[in-house]
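In case you want the letters, here they are:
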Amino acid sequence: MTASIPCLSTIDEMRAAVDEAHARGASIGLVATMGALHEGHLSLIRAARAENDLVVVSIFVNPAQFDEKDDLRRYPRVLEDDSRLSAEAGADLVFSPPVGEMYPEGFATWVQVEELTEGMCGRSRPRHFRGVCTVVMKLFHICSPDRAYFGEKDAQQLAVITRMVRDLDMRVTIVPCPTVREPDGLAMSSRNRRLNPEERAEAPVLYRALTAARDRVQAGERDAAVLKSAIRSVLSEVPTAEIDYIEIVRAHDLSSVATLSGTCLIALAVRIGRTRLIDNIRVRA
Ligand code: PAF
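All values reported here derive from a predicted model rather than from experimental measurement. (Residues numbered from 1 in each chain as written. Predicted model: local features only at pLDDT ≥ 70, side-chain atom pairs only at ≥ 80, totals over all residues. Heavy atoms only, no water.)

K.L.:
Tell me about the site of the ligand, and please be specific about residues and values.
P.N.:
Near the ligand the following residues occur: Ala32, Thr33, Met34, Asn62, Gln65, Val132, Val135, Val136, Phe150 and Gln157. At 2.6 Å, a side-chain N or O of Gln65 approaches an oxygen atom of the ligand. A distance of 2.7 Å is found between an oxygen atom of the ligand and a side-chain nitrogen or oxygen belonging to Gln157. For the ligand, the accessible surface in isolation is 290 Å², of which the surrounding protein chains cover 89%. (Near = heavy atom within 4 Å. Polar contact = N/O pair within 3.5 Å; in protein donor to acceptor, adjacent residues only side chain to side chain. Areas by Shrake-Rupley, 256 points an atom, 1.4 Å probe, with all protein chains shown as cover.)

In structure tokens form, the structure reads like this:
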């Protein structure tokens, strides 16, 4: 039998479910998504299931975090499949509001985390993290989660949300969850659906480049410039791969490093065809 769970679309309905959960002393786990769920999301839902009484999956394609209209338009929307997958992974309910419910006429308030949002994805997507932080803050207010689960694949997003929660004294605990990969190493992402068969075959070059750099770090290399050039050389195996950035940053504050020490992230964004993919790997130097 196919699993089915309630799908709420208004803030009032969601708040009523939260109030009912709080009245019985239930803890709430939130997995915030834009839908097109894959195994990466399902691993977050399973993690939330293991630690909370009520598991909420939000599915909202947030227009405020898209810099390109075309990217927003092409974003996959498959609510029925997503609700079923959420239920099968152990969620109790889905919250999927229409855009007007989240951004009513005259909406004018934004949450902006500074510095951490300036490099990496923030450089080519200047309004992206403002949109992410604003919608995540709204989802936290609406769903009142005790814990919220985010994937390490979106390392900058995770760092930015963690900082927002700390800076604004929010009660929610942010739970980081490991990146889930396809057997060939490609990090799972809703955007992978947009790759045509040739692009899909090329896309694992991101992970090959990251692991080549990680191997060099493990062999003793500490010079970020040398590591970046090793990454570029692997990426050049795919002539159509267009590099947006290759960054090596301190894991805790995302500041760039010239010489690796402590825990660092090697992160990249690369366009394969029209699809921009990101990935990262954590190294200890
Ligand atoms: O990671 C995502 O899917 C989105 O950025 C998020 C956190 C759901 C906010 O829209």
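On we go.
K.L.:
Talk me through the packing of helix α7 (residues 128-143) against helix α8 (residues 155-167); I want residue IDs and the actual numbers.
P.N.:
Relative to each other, α7 and α8 sit at 55°, their axes nearing to 11 Å. Judged by the angle between their axes, α7 and α8 are oblique. Considering how the two elements wind past one another, α7 and α8 form a crossing that is right-handed. Each of Phe129, Val132, Cys133, Val136, Met137 and Phe140 in α7 lies in contact with α8, whose residues at this interface are Gln156, Gln157, Val160, Ile161, Met164 and Val165. A breakdown of the residues in the contact of α7 with α8 according to their chemical character gives ten nonpolar, two polar and no charged. (Axes fitted to C-alpha atoms, helices over the stretch in contact; angles between N-to-C directions. Helix = DSSP H or I, 4+ residues; strand = E, 2+ residues; numbered from the N terminus. Parallel < 35°, antiparallel > 145°, perpendicular 65-115°, else oblique. Left-handed = near helix turned anticlockwise from the far one by under 90°. Contact = heavy atoms within 4.5 Å. Nonpolar A, V, L, I, M, F, W, Y, C, P; charged D, E, K, R; others polar.)

K.L.:
Summarise the environment of Arg127; cite the residues concerned and give the values.
P.N.:
Structurally, Arg127 is set in the loop between α6 (121-124) and α7. Given the relative accessible area of 52%, Arg127 is considered exposed. For the pair Arg127 and Ala47, spaced 80 residues apart in the sequence, the C-alpha separation amounts to 30 Å. Apart from residues lying up to four places away in sequence, Arg127 is in contact with Ala64 and Asp67. (Buried < 20%, exposed > 50% of the residue type's maximum accessible area, 1.4 Å probe, protein only.)

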